[in-house]
Amino acid sequence: MAVSVSVLASGSRGNSTVVQSSSTRILVDAGISCRETFKRMKATGDDPHSLSAIVITHEHSDHIHGLAVLSRKLNIPVYMTAATHHAWARALRDATGELPEIPKLEFFSSGRRFHVGDIDVTPFTIPHDAADPVGFTFRTEGVRIGVATDLGYMPASVCDHLRGCDVLVLESNHDLEMLRVGPYPWSVKQRVMSRVGHLSNTALAEFLAGDYDGNAAYVVLAHLSEQNNHPEVARREAENALSSRRSLLYNQVMLARQEQAMHPIRL
Ligand SMILES: [Zn+2]
Ligand SMILES: [Zn+2]
């Protein structure tokens, strides 16, 4: 088995991705139910019971909804920042009166690299309206994978972390015009468009045409809004941005989906 990336689900109704080496398997976010996670892993040919750890980007429910059950069922380490854990525990207590129980909880700090088996994990800060949100890069067997969704814009620090990646899973949340004329209340539109909201197709295209180093064989468009985007609109904007740079014609653009797991990328 080589290194692979499987986006199990992506969008405002749940996010979850598997990053694996020959010997280690990490679940990035647990935004869909335990049952659905198991079902989708089996569909991509992976055994959920072989997961080594879960890492969490932030406490919004579309990233953490299935975590409590998954971590109990699998009894594997769960990594998040202390601030994310605190915010999640408080939200859960307010909603249900109960505190989350994670059998093997580990804290990391943004910017500090840690290891899960033979995978190097580097969390980095992203601009989003959560307690302590992060993106990740993963390095193993000479392959580097970057995951950054839920960010209001692309700061230089994030661009730096995403250099040298062979696979990039990046947010392409909304088409600006569809969001403007769409059904969301004004306050929600303002939040999505803010510096701590979500990345538009256009903002991602600016990154791809500009600061992006062109290294990735695969660029996965993720966290697409179902109301304010269309997969083909997002794909066209990303491909146009890449084709403005002739050397990037071999970057393959893929779309992560909400309803089913994406075909795994094997490297
Ligand atoms: Zn979020
Ligand atoms: Zn999200």
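To keep things clear, this report deals only with the structure shown in the data block. (Residues numbered from 1 in each chain as written. Chains lettered and ligands numbered in written order. Predicted model: local features only at pLDDT ≥ 70, side-chain atom pairs only at ≥ 80, totals over all residues. Heavy atoms only, no water.)

**Topic: the sheet that holds strand 1 (residues 4-9)**
The condition is simple: Here, a strand pair is defined by DSSP locating no fewer than two bridges between the strands. Going along the chain from the N terminus, every DSSP run of H or I of four or more residues is numbered as a helix, and every run of E of two or more is numbered as a strand.
The sheet built from seven strands is open, its strands ordered 6-5-4-3-2-1-14 with mixed pairing. On the outer flanks of this sheet lie strand 6 (105-107) and strand 14 (265-266), each paired with one strand and no other. For strand 3 (residues 25-28) and strand 4 (residues 53-55), the ladder comprises three bridges, and the chain directions are parallel. Paired with Val28 across the two strands is Val55, which belongs to strand 4.

**Points about the coordination of the zinc ion (ligand 2)**
The cut-off we apply is this: Donor criterion used throughout: N, O or S atom within 2.8 Å of the metal, extended to 3.2 Å for Na, K and Ca. Water excluded; incomplete-looking sites may result. Just to be clear on the cut-offs, tetrahedral is four donors with all angles between 85 and 135 degrees, square planar is four donors and octahedral six with opposite donors over 155 degrees apart and all others between 65 and 115, and anything else goes down as irregular.
Protein coordination at the zinc ion (ligand 2): the donors are Asp62 (OD), His63 (NE2), Asp150 (OD) and His223 (NE2), at 2.1 to 2.2 Å from the metal. What the four donor atoms of the zinc ion (ligand 2) show is an angle range of 93 to 162 degrees at the metal, which sorts the shape as irregular.

**Structural notes on the layout of surface pockets**
Any empty space left between atoms is shown by rolling a water-sized probe over those atoms. Rules: Whether a set of points on the 1 Å grid over the protein atoms alone is a cavity depends on a 1.4 Å probe fitting there but being unable to get out, while an open set qualifies as a pocket with protein on both sides within 12 Å along at least five of seven lines; lining residues are those with an atom within 4 Å of a point. Grid points are joined across faces, edges and corners, and a volume is the space filled by probe spheres set on the points. Put simply, Ala, Val, Leu, Ile, Met, Phe, Trp, Tyr, Cys and Pro go in the nonpolar bin, Asp, Glu, Lys and Arg in the charged bin, and everything else, Gly too, in the polar bin.
The computed volume of the largest pocket comes to approximately 290 Å³. Along the wall of the largest pocket there are 18 residues; nearest its centre are Ser12, Asp62, Arg191, His198 and His223. At the level of elements, helix 2 (61-64) and helix 7 (186-193) are the ones that each hand at least two residues to the lining of the largest pocket. Class assignment of the residues belonging to the lining of the largest pocket gives a composition of four nonpolar, 10 polar and four charged.

**Regarding the packing of helix 1 (residues 34-43) against helix 3 (residues 67-74)**
Going by this rule: Note on geometry: axes are C-alpha line fits, over the in-contact stretch for helices, and angles between N-to-C directions span 0 to 180 degrees. The contact rule is simple, with two residues in contact once any of their heavy atoms fall within 4.5 Å.
Remark: helix 1 packs on helix 3, axes separated minimally by 8 Å, with the N-to-C direction vectors making an angle of 65 degrees. Taken together, the residues of helix 3 that come into contact with helix 1 (itself represented by Cys34, Thr37 and Phe38) are Val69, Leu70, Lys73 and Leu74.

**Here's the deal with empty space enclosed by the protein**
One pass over the full model with this rule turns up one cavity of 30 Å³ or more. Approximately 100 Å³ is the volume found for the largest cavity. Among the elements of the structure, strand 1 and strand 2 (16-20) are those that each provide at least two residues to the lining of the largest cavity. In terms of residue class, the lining of the largest cavity is built from six nonpolar, seven polar and one charged.

In short, geometric facts, not functional conclusions.
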